[in-house]
Amino acid sequence: MAPLTKAELRSGLLRARRALPRAVRDAEADALRGWLPALVTAGQTVCAYVPVGAEPGSPAMLDTLLEVGVRVLLPVSHTDVNGVGLPLQWGDYVPGTLIQAGFGLREPAPPWLPTEAVGEAAVILVPALAVDRAGVRLGRGAGFYDRTLAAAAPSAKLVAVVRDDELVDELPAEPHDVRMTHALTPNRGLVCLNS
């Protein structure tokens, strides 16, 4: 039997996430939030994201990061005239000021920082549909993060945020894929990957 394509994997993973009861998603989001204080240090910069739909996590994770004393940057996504995702820009997270944006996202209001601001981050929390033990991340396929993470500091922790069963043995990889250094799951916490 042929291995599943990225598109087939995405479809199955999204279907499984949508089927989860709200209570399970909320409990997993609380568990993820509980791991954050041990992951970051006051004074650091952390790039995070605002979850949409059934993505793991919650906006409360952002507030937890602020409570620990880190600067939180959130991604701002744009596309070119052909609809191709551009490298992400960044904005400081200020509670209560997020605006509605394309793709159903909530983002910081301008002014925005350039892509290179990701280089200030000690930890980058990256949304993912799955990640494998070698650090290969399966995203939604638009390429925003792969185009952006090349500007990350070599010492930065690149952390795919996934459900426990979305940390898998192997995913299809392409040369342009930026590998994650870690996964963060509700029950296992921070898991080192062999990237």
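By the naming in an unreviewed UniProt entry, the chain goes by 5-formyltetrahydrofolate cyclo-ligase and is assigned to Mycolicibacterium mageritense. Listed in UniProt under the heading Cofactor (unreviewed entry), the comment for the chain reads: "Mg(2+)". Among the UniProt annotations of the chain, the heading Catalytic activity (unreviewed entry) holds the following wording: "(6S)-5-formyl-5,6,7,8-tetrahydrofolate + ATP = (6R)-5,10-methenyltetrahydrofolate + ADP + phosphate".

Comments concerning the overall build of the chain
Looking only at helices and strands, the chain has four helices and 12 strands in total. The dimensions of the chain, computed from C-alpha atoms along their principal axes, are 50 × 40 × 30 Å. In the chain, buried positions account for 47% of the 195 residues. A separation threshold of at least 6 residues defines the contact pool for the chain, and within that pool the share at least 24 residues apart is 69%. Put simply, the chain shows about 9,400 Å² of open surface, and 56% of that area lies on carbon and sulfur atoms. The distance from the centre of the 18 positive side-chain charges to the centre of the 21 negative ones in the chain is 3 Å.

Points about helix H1 (residues 6–19)
Along its 14 residues, H1 runs 20 Å from first to last C-alpha, staying within 8% of the 20 Å computed at 1.5 Å per residue. Within H1, burial applies to Lys6, Leu9, Arg10, Leu13, Leu14 and Arg17. Buried residues of H1, viewed axially, fall in a sector of 125 degrees; they line one side. What points out from H1, more than 90 degrees from its buried face, is the exposed set Ala7, Arg15, Arg18 and Ala19.

A look at the layout of surface pockets
Considered as a void within the structure, the largest pocket measures approximately 610 Å³ in volume. Elements that contribute at least two residues to the lining of the largest pocket include exactly H1, strand S5 (106–107), strand S8 (137–138) and helix H4 (144–148). Among the elements that make up the lining of the largest pocket, the one with the highest residue count is H4 (four residues). Looking at the second largest pocket, its volume works out to about 170 Å³. Around the second largest pocket, the lining is made up of 15 residues, and of these Arg22, Arg25, Ala29, Glu55 and Gly57 lie nearest the centre. At five residues, the largest contribution of residues to the lining of the second largest pocket is made by helix H2 (residues 22–39). Its residues assigned to classes, the lining of the second largest pocket shows six nonpolar, three polar and six charged.

Concerning the nonpolar core
Within the largest apolar cluster, 45 residues are counted, with the highest numbers of intra-cluster contacts made by Leu65, Ile124 and Leu125. Aside from chain neighbours lying at most four places away, what touches Leu125 is Leu36, Leu39, Val46, Cys47, Ala48, Tyr49, Leu65, Val159 and Val161. Within the second largest apolar cluster, eight residues are counted, among which are Leu9, Leu13, Val136 and Leu138.

Topic: the side chain of Asp164
Relative to the assigned elements, Asp164 resides in the loop between strand S9 (157–161) and strand S10 (167–168). Here Asp164 occupies a buried position and makes no salt bridge, while the nearest side chain of opposite charge, Arg188, is found at 4.1 Å. Polar side-chain contacts of Asp164 include one of 3.4 Å to the backbone nitrogen of Arg188. Excluding residues that lie within four positions of it along the chain, Asp164 makes contacts with Thr185, Pro186, Asn187 and Arg188.

What about the sheet that holds S8?
With mixed pairing, the three strands of this open sheet are ordered in space as S8-S7-S10. Looking at which strands have only one partner, the edges of the open sheet turn out to be S8 and S10. Of the pairings in the sheet, the one linking strand S7 (residues 130–132) to S8 comprises two bridges and is antiparallel in character. Bridging across to S8, Ala130 finds its partner in Leu138.

Observations concerning helix H3 (residues 59–68)
Given 3.6 residues per helical turn, the α-helix brings residues three or four places apart onto the same face. Listed in full, the buried residues belonging to H3 are Met61, Leu62, Thr64 and Leu65. Down the axis of H3, the sector holding all buried residues measures 160 degrees, keeping them to one side. Residues of H3 that are buried in the fold lie against H2, strand S1 (45–47), strand S2 (71–76) and strand S6 (123–127). Gly69 lies just past H3 and shows a positive phi near 100 degrees.

So, how was this worked out
- Residue positions are given per chain, counted from 1 along the sequence in the order it is written.
- Totals for whole chains, interfaces and linings use all residues, but because this is a predicted model, local features are given only for residues with pLDDT of at least 70 and pairs of side-chain atoms are given and counted only at 80 or more.
- Hydrogens and waters are ignored; side-chain quantities use all the structure's heavy atoms.
- UniProt positions are given in the numbering used here, feature names are shortened, and annotations may be inferred rather than shown by experiment.
- Under the scheme used here, helices are H or I runs from DSSP no shorter than 4 residues and strands are E runs no shorter than 2 residues, and both carry numbers assigned from the N terminus.
- Partly exposed describes any residue whose relative accessible area lies between the buried limit of under 20% and the exposed limit of over 50%, with all areas from a 1.4 Å probe on protein chains only and scaled to the type maximum.
- Whether two residues are in contact is decided by their heavy atoms, any of which lying within 4.5 Å being enough.
- The accessible surface values rely on the Shrake-Rupley method and a 1.4 Å probe; as for residues, cover is taken only from the protein chains in view.
- His is not counted, nor are the chain ends; Lys and Arg add positive charge and Asp and Glu add negative charge.
- Taken as the charge centre is NZ of Lys, CZ of Arg, CG of Asp or CD of Glu, depending on the residue.
- Under the convention used throughout, the expected extent of a helix is 1.5 Å for every residue step, that is, one less than its residue count.
- Throughout, the arc means that of the directions going from the helix axis to the C-beta atoms.
- Cavities and pockets are found on a 1 Å grid laid over the protein atoms alone: a cavity is a set of points where a 1.4 Å probe fits but cannot escape, a pocket is an open set with protein on both sides within 12 Å along at least five of seven lines, and a lining residue has an atom within 4 Å of such a point.
- Grid points are joined across faces, edges and corners, and a volume is the space filled by probe spheres set on the points.
- Each residue gets one of three labels, nonpolar for Ala, Val, Leu, Ile, Met, Phe, Trp, Tyr, Cys and Pro, charged for Asp, Glu, Lys and Arg, and polar for the others, Gly among them.
- Buried Ala, Val, Leu, Ile, Met, Phe, Trp, Tyr and Cys residues that are joined via side-chain atoms within 4.5 Å together make up what is termed a nonpolar core.
- By convention in these notes, a salt bridge is any Lys or Arg side-chain nitrogen within 4 Å of a carboxyl oxygen on Asp or Glu.
- Here a polar contact is taken to be a pair of N or O atoms separated by no more than 3.5 Å, where protein atoms must pair a possible hydrogen donor with a possible acceptor and residues adjacent in sequence count only if both atoms sit in side chains.
- Between any two strands, at least two bridges found by DSSP are needed for them to pair.

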